[in-house]
Amino acid sequence: TFQRAQRIQSLEISEIVQLSEKAASLRAQGKDIVALSTGEPDFPTPAHIIEAAHAAALDGKTKYPPTLGIPELRDEIARRAKVTRSEVIVSTGAKQVLANAMFASLDPGDEVIMPAPFWTSYSDIVLLASGTPVVLPCAMENGFRATAQQLDAAITPRTRWVMLNSPSNPTGAIYTETELLGLAQVLRRHQHVQILIDEIYDQLSYAPFTSFASVAPDLFDRMLIVNGVSKAYAMTGWRIGWGIGPAAMISAMGAVQGQITSAASSISQAAALAALTGPEDFLEKRRKIFKARRDMVVDRLNALPGVTCPRPEGAFYVFPDVRGAMTAKGFDNCATFCAALLDQVGLALVPGRAFGLPGHLRLSYAYSEAELQAGLDRLEAFITGSR
Ligand code: PLP
């Protein structure tokens, strides 16, 4: 039988993906399922972006692209971030940027600090790269955000990175300027620690967004800024993300990428270039729609007994505390609660445990209003026992 490598003994396909795939297969069997489990805009990729990809393919942009990305796209990303081309890498999704960074920097036993709840893949990617995730629990009462003191206390001589995500998946929390200044102050004292700041939801902010680079430009030499087109431009399937960091870090990440994917798809890079250089008025329109959905979802959740849902400031997720409802229904953990939801009322939501904070669930509101209402009707029926 097949023997797994030591470092992937417990690695599985992400719990979010597993859940979405289970919901899809139940639906294929004819079951009536509402899935609010995926972080993927329901909007289409704008037509001008698709046309640019088509034109690029017809124009012969079908050969191996340069390892770190096509110059035009790297230059546009560099121009926006006020850095140079050598400080930019384009990868197959923001996910590959994270993986490149971890493979390029971690030796066995190196520690990566991540405030929880965090996006499921953070800990898995670190483990895959032989690192050790160090989780900082961040309670709902503290806005799901790590404090400077918490960070300071978690840093050891083995710490290689701290991973921050603002706005956050799954909580939607945004670090304020003051909070970022406090974290930066701690990081200035620990010069061996690098900072990965994942800002993939920055364009989906409903409160003022402050980038980490703007509060601590002096830390750029140790910073990796992660972003991409997946979320804001509704381009999840095109698989384009990028990293911005010091040239030595970017070139090490390029060495990793070159041996794994060679480069990101040439046609998708042409599409991403069109996204960044074309009209962007749809971003504001979509942001307004997401915000209205957020308010509707938060209000309905807070009306349910045993459910408490803070109003997130960004991204397209809510992360309610459902401990009261769980206990009332006789469940002692959020995973069995979610499994029962899918079984009994055909609703797919992701258990908080997948993000390192049990007792919660994640609901994505990147779905149509009708789907959201239908999902919330089912959750209500389940919790209030009328179905
Ligand atoms: N970072 C965060 C916080 C995410 O939620 C996601 C996707 O869910 C990603 C990165 C990965 O994005 P991409 O589709 O560009 O790989």
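Residues numbered from 1 in each chain as written. Predicted model: local features only at pLDDT ≥ 70, side-chain atom pairs only at ≥ 80, totals over all residues.

- Looking at an unreviewed UniProt entry, the protein carries the name Aminotransferase, with the source organism given as Sulfitobacter indolifex HEL-45.
- You can read under Cofactor (unreviewed entry) in the UniProt record for the protein the words "pyridoxal 5'-phosphate". (UniProt positions renumbered as here; feature names shortened; annotations may be inferred.)

1. Focus on the nonpolar core
- Formed by 120 residues in total, the largest nonpolar core has its most connected members in M102, V226, A271, A348 and L349.
- Counting residues per element, this core draws most heavily on helix α4 (residues 93-105), at seven residues.
- Counting the residues that make up this core, at least three belong to each of domain 1 (6-44 + 281-384) and domain 2 (63-277).
- Once residues within four sequence positions are removed from consideration, L349 is found in contact with L36, S37, C338, L341, L361, R362 and L363. (Core = buried A, V, L, I, M, F, W, Y, C linked by C-beta atoms within 7 Å. Buried ≥ 20, exposed ≤ 12 C-beta atoms within 10 Å, placed from the backbone. Helix = DSSP H or I, 4+ residues; strand = E, 2+ residues; numbered from the N terminus. Domains from an automatic or database assignment. Contact = placed C-beta atoms within 7 Å.)

2. Details of the packing of α4 against helix α9 (residues 247-260)
- In contact at an axis separation of 8 Å, α4 and α9 are set at 105° when each is read in the N-to-C sense. Taken together, the axis directions place α4 and α9 in an arrangement best described as roughly perpendicular. Every residue of α9 that contacts α4 at Q96, N100, A101, F103 and A104 is listed here: A252, M253, V256 and Q257.
- Tallied by class, the residues present in the contact of α4 with α9 amount to six nonpolar, three polar and no charged. (Axes fitted to C-alpha atoms, helices over the stretch in contact; angles between N-to-C directions. Parallel < 35°, antiparallel > 145°, perpendicular 65-115°, else oblique. Nonpolar A, V, L, I, M, F, W, Y, C, P; charged D, E, K, R; others polar.)

3. Observations concerning the site of the ligand
- In the neighbourhood of the ligand, 13 residues make up the surrounding shell, with G93, A94, K95, N169 and S230 lying closest.
- With three residues, α4 is the single largest residue contributor to the shell around the ligand.
- Class assignment of the residues belonging to the shell around the ligand gives a composition of three nonpolar, eight polar and two charged. (Near = placed C-beta within 6 Å.)

4. Examining unusual backbone geometry
- Residue S166 is joined to P167 through a cis peptide bond whose omega torsion reads -10°.
- Within the secondary structure, P167 is located in the loop between β5 (159-165) and α7 (177-189).
- In this chain, N169 is followed by P170 through a cis amide linkage whose omega measures 20°.
- Following the sequence through the fold, P170 ends up in the loop between β5 and α7.
- A positive phi angle, close to 60°, is found at K82, a residue other than glycine.
- Structurally, K82 is set in the loop between α3 (71-81) and β2 (88-91).
- By the C-beta count within 10 Å, which is 10 here, K82 ends up exposed.
- Even without being glycine, S262 reaches a positive phi, approximately 70°.

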